[in-house]
Amino acid sequence: MQSIGDALGLAVALVLSGDPDLLEIVLLSLQVSLTATVLACMIGLPIGALVAIGRFRGRNAVLILMNALMGLPPVVVGLLVYLHLSRSGPLGFLGLLYTPTAMIIAQTILIAPIIAALSRQVLEDLHTEYADQFRSFCLTRLQTVQALLWDARYSLLTVGLAGFGRAVAEVGAVIIVGGNIDHLTRVMTTAIALETSKGELGLALALGMILLAIALGVNAAVQSVRMTAARQAYV
């Protein structure tokens, strides 16, 4: 077990030297989380838009379900994905378990409901504001969705960043379906958990610093997007 001072010194040295193992873990984390965020946006944004402009029987139940899915327990998602991708599962023949692809699937399932629910609220507010104009132009549902997505692009970018922040900090699901295999599926959060349990605090602290920097970067990007949207609103 390293002392805190020694571990902190080693962590700083690892970050400043660009340690190959450290960079490999960080790059895999970003690859998995960015891919999952893009896929979740491709799924969640259209769903959020359609629910935002739609008026149908059972809509309230759909809204309740969407909001409830925002709180999906990561370990439950990981377990469900594991059961489907394991050798005895329906998708076992694909051989995806304990691969980055399985981790992307788990993260996509986790953050797609978040993006759908948040984008639904943004787009519904916008649709309420411009409903009369849309009716006067006799726009189809598809044209309305396209117009809403474009007009709310800055707010939706914020939604996407929120989804990425959730994905990159996730540990429960990815450790179940990824297995935390060195040089294959080890990402920042799972590596921090493993190194801490081993008492090797240097690498854990280095990864923690980078994870905090990413979190701060995401929040700074969100704030920047909001400021840009506010300036655009006054143009």
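Residues numbered from 1 in each chain as written. Predicted model: local features only at pLDDT ≥ 70, side-chain atom pairs only at ≥ 80, totals over all residues. Heavy atoms only, no water.

The secondary structure content of the protein amounts to 10 helices and 0 strands. The proportion of buried residues among the 235 residues of the protein is 43%. In the protein, once contacts between residues fewer than 6 apart in sequence are set aside, the share between residues at least 24 apart is 75%. About 12600 Å² of surface is accessible on the protein, with carbon and sulfur atoms providing 68% of the total. Each charge class in the protein can be summarised by its mean position, and for the 13 positive and 13 negative side chains these summaries are 15 Å apart. (Helix = DSSP H or I, 4+ residues; strand = E, 2+ residues; numbered from the N terminus. Buried < 20%, exposed > 50% of the residue type's maximum accessible area, 1.4 Å probe, protein only. Contact = heavy atoms within 4.5 Å. Areas by Shrake-Rupley, 256 points an atom, 1.4 Å probe, with all protein chains shown as cover. Lys, Arg positive; Asp, Glu negative; His and termini not counted. Charge placed at Lys NZ, Arg CZ, Asp CG, Glu CD.)

With that out of the way, let us pick up a nonpolar patch on the surface. Among the surface-exposed residues, Leu8, Val12, Val15, Leu16 and Leu205 lie close enough to one another that they form a single nonpolar patch of about 410 Å² accessible area. The element best represented in the nonpolar patch is helix H1 (residues 4-17), accounting for 4 residues. Among the secondary structure elements, Val15 is positioned in helix H1. Residue Val15 is classed as partly exposed on the basis of its relative accessible area of 33%. (Patch = residues over 30% accessible without salt bridge, like charges linked within 9 Å, V, L, I, M, F, W, Y side chains within 5 Å. Salt bridge = Lys/Arg side-chain N within 4 Å of Asp/Glu carboxyl O.)

As annotated by UniProt and renumbered to match this structure, "transmembrane region" (unreviewed entry) occupies residues 34-54, 61-85, 97-118, 156-181 and 201-222. Along residues 34-54 one finds 95% helix and 0% strand; the C-alpha atoms at either end are 30 Å apart. Taken end to end, residues 61-85 is 84% helix and 0% strand, and its two terminal C-alpha atoms sit 30 Å from one another. (UniProt positions renumbered as here; feature names shortened; annotations may be inferred.)

Here Val225 is to be found in helix H10 (residues 201-234). Given the relative accessible area of 9%, Val225 is considered buried. Residues contacting Val225, with those up to four places away along its chain left out, are Tyr154, Leu157, Thr158 and Leu161.

Looking now at the UniProt feature "domain: ABC transmembrane type-1" (unreviewed entry) in the protein. According to UniProt, the "domain: ABC transmembrane type-1" (unreviewed entry) feature falls on residues 26-222. With 79% helix and 0% strand, residues 26-222 has end C-alpha atoms that lie 21 Å from one another.

Further remarks concern helix H9 (residues 188-198). For H9, every residue scored as buried is listed here: Met188, Thr189, Thr190, Ala191 and Glu195. Phi turns positive one or two residues past the end of H9, at Gly199, with a value near 85°.

Generally speaking, a soluble globular protein has its nonpolar side chains buried in company with each other. Core analysis: the biggest nonpolar cluster contains 34 residues, and Val81, Met103, Ile115, Leu123, Leu148 and Val177 have the highest contact counts within it. Of all elements in the fold, only helix H2 (20-53), helix H4 (74-85), helix H5 (100-136), helix H6 (141-151), helix H7 (153-168) and helix H8 (172-178) reach the threshold of two or more residues within this core. A total of 11 residues in this core trace back to one element, the largest contributor, which is H5. Counting residues in each nonpolar core, the second largest holds 19 residues, with Ala11, Leu22, Val26 and Met188 among its members. (Core = buried A, V, L, I, M, F, W, Y, C linked by side-chain atoms within 4.5 Å.)

Enumeration over the complete set of coordinates arrives at 4 salt bridges. Among the salt bridges present, the one from Arg186 reaches Asp182, with a minimum N-O distance of 3.7 Å. Measuring nitrogen to oxygen at the nearest pair gives 3.5 Å for the salt bridge that ties Lys198 to Glu195. Pair noted here: Lys198 and Glu195 are both in helix H9, with a separation of 3 residues, about one helical turn. Look at the salt bridges and you will find they share partners, linking Arg59, Arg120 and Glu124 into a network.

For the rest of this paragraph, the subject is the packing of H2 against H5. Helix packing geometry: the angle between the two helix axes and the distance between the axes. In contact at an axis separation of 5 Å, H2 and H5 are set at 35° when each is read in the N-to-C sense. Note that H2 runs across H5; the crossing there is right-handed. Each residue belonging to the contact of H2 with H5 can be placed in one class, and the counts come to 21 nonpolar, 9 polar and 2 charged. (Axes fitted to C-alpha atoms, helices over the stretch in contact; angles between N-to-C directions. Left-handed = near helix turned anticlockwise from the far one by under 90°. Nonpolar A, V, L, I, M, F, W, Y, C, P; charged D, E, K, R; others polar.)

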